[in-house]
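Structural overview for review
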Amino acid sequence: MTQQGTIKKILPGGMAEIEVTRRSACGHDCAKCGGCGGLETQTLYVTARNRAEAQVGERVLIEGETGQVLGYAGLVYLLPVVLFFVGYGAGSALQKGAGVSALCGGILFAAGIVAAILFSREMKRKNSVPFEITKKL
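Described in the following lines is the structure provided in the data block. Keep in mind it's a predicted model, so treat the numbers as computed, not measured.

1. Let's talk about the overall build of the protein chain
Scanning the protein chain from terminus to terminus reveals 2 helices and 5 strands. Scanning the protein chain from its N terminus toward the C terminus, one meets helices and strands in the order β-β-β-β-α-α-β. Residues classed as buried in the protein chain amount to 22% of the 137 residues present. Contacts spanning at least 24 positions in sequence make up 70% of the contacts within the protein chain whose residues lie at least 6 apart. Summing over all exposed atoms, the protein chain offers an accessible surface of approximately 9000 Å²; the carbon and sulfur share of this is 59%.

See below:
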């Protein structure tokens, strides 16, 4: 998984903050496709290891291990949904009605979101990022 970006900040511990323009899987070639009608792009800020010793303002190529990135995405996006269904199922097992089932699901969904936020903060604290600047462009 590779992406281009611009260094915005040099961070302590050999890290850098990079501005990356997010592209969709279709490449936003709407003139050819027209399927989604979306013309917007999204700017993200990513923290990466700066082994290329790039400086602020330089364009760089960043790479991430696809398996690790997908694992983190799965945790952040799927964990709350899975916990919702577990909670809903547990509430149904109590046979107290759909309202109790939905409440149990909602509580576990919120717990999954809190767990994902805490995991993200812990990764930032440990500088355990899945991205690395591989070269200057």
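Alright, that's what it looks like, and here's the rest.
2. Examining the pattern of salt bridges
Counted according to the given criterion, the structure contains 2 salt bridges. The shortest N-O distance in the salt bridge between glutamate 19 and lysine 8 comes to 3.8 Å. One end of the pair, glutamate 19, is in strand β2 (residues 15-22); the other, lysine 8, is in strand β1 (residues 2-11), with 11 residues separating them in the sequence. Residue glutamate 19 is classed as partly exposed on the basis of its relative accessible area of 24%. Here lysine 8 falls in the partly exposed class, since its relative accessible area comes to 37%. The partner of glutamate 132 in a salt bridge is arginine 51, with the nearest N and O atoms 3.0 Å apart. Within this pair, whereas glutamate 132 is found in strand β5 (residues 131-136), its partner arginine 51 is found in the loop between β3 (42-49) and β4 (59-64), the two being separated by 81 residues in sequence. Exposure remark for arginine 51: the relative accessible area of 58% places this residue in the exposed category.

3. A short note on the nonpolar core
Judged by nonpolar contacts, Ile7, Ala16, Ile18, Val20, Val46, Ala48, Ala54, Val60, Ile62, Phe131 and Ile133 together constitute the single largest core of 11 residues. Those elements that provide at least two residues to this core are β2, β3, β4 and β5. With 3 residues, β2 is the largest single contributor of residues to this core.

Each value, and the rule that gives it
- Residues numbered from 1 in each chain as written.
- Predicted model: local features only at pLDDT ≥ 70, side-chain atom pairs only at ≥ 80, totals over all residues.
- Heavy atoms only, no water.
- Helix = DSSP H or I, 4+ residues; strand = E, 2+ residues; numbered from the N terminus.
- Buried < 20%, exposed > 50% of the residue type's maximum accessible area, 1.4 Å probe, protein only.
- Contact = heavy atoms within 4.5 Å.
- Areas by Shrake-Rupley, 256 points an atom, 1.4 Å probe, with all protein chains shown as cover.
- Salt bridge = Lys/Arg side-chain N within 4 Å of Asp/Glu carboxyl O.
- Core = buried A, V, L, I, M, F, W, Y, C linked by side-chain atoms within 4.5 Å.

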